[in-house]
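# Geometric and topological summary
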Amino acid sequence: PIIATIDAALGNFGSKVALTMVVIAFVSCTLAIQAAAIRLIFSYARDGMIFGSRALSTVSPRFHMPPGAVAVAAIIPAPDDGCIDFAAVEGVQQVA
């Protein structure tokens with residue numbers, strides 16, 4: 001219903017522009033949150049405050065970024081993002 005409302009109010013071209021701006025805003029916010037999480041994981045690991053701090057605080061000499069912190073920041077939210085289909089796992093019931 002939201003897309004139909006925007007389409008009715010702005011027309012076909014206007015709705016595509018508006019929805020494109022929404023997608024760009026969503027992606028930029030996601031990237032900002034991801035970057036903040038990586039920096040937070042790295043800083044805690046650098047100070048030795050979390051488990052696996054040695055691996056998480058290592059900086060790649062080639063890419064100048066902490067690959068361990070990037071991997072953790074990408075893997076931890078994966079189940080919540082829908083990247084993992086828990087309904088396909090045996091023994092897990094899907095909530096309707």
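Here, every reference points to the structure presented above.
Okay, so let's go over this structure. (Residues numbered from 1 in each chain as written. Predicted model: local features only at pLDDT ≥ 70, side-chain atom pairs only at ≥ 80, totals over all residues. Heavy atoms only, no water.)

## Quick word on the side chain of Ser-15
Looking at the secondary structure, you find Ser-15 in helix 1 (residues 2–46). Apart from the residues lying within four places of it in its own chain, the contact partners of Ser-15 are Ile-6, Asp-7 and Leu-10. (Helix = DSSP H or I, 4+ residues; strand = E, 2+ residues; numbered from the N terminus. Contact = heavy atoms within 4.5 Å.)

## Concerning helix 1
If you check helix 1, its first and last C-alpha atoms are just 45 Å apart, much less than what 45 residues at 1.5 Å a residue would give, namely 66 Å. The largest bend along helix 1 measures about 120 degrees and falls at Gly-11. Along helix 1, the positions that sit buried rather than exposed are Gly-14, Ser-15, Ile-38, Ile-41 and Ala-45. Here the buried face of helix 1 lies against helix 2 (53–56) and helix 3 (67–75). Gly-48 sits one or two residues past helix 1 and shows a positive phi near 70 degrees. (Expected span 1.5 Å × (residues − 1). Bend = angle between axes of the 7 residues up to and from the residue. Buried < 20%, exposed > 50% of the residue type's maximum accessible area, 1.4 Å probe, protein only.)

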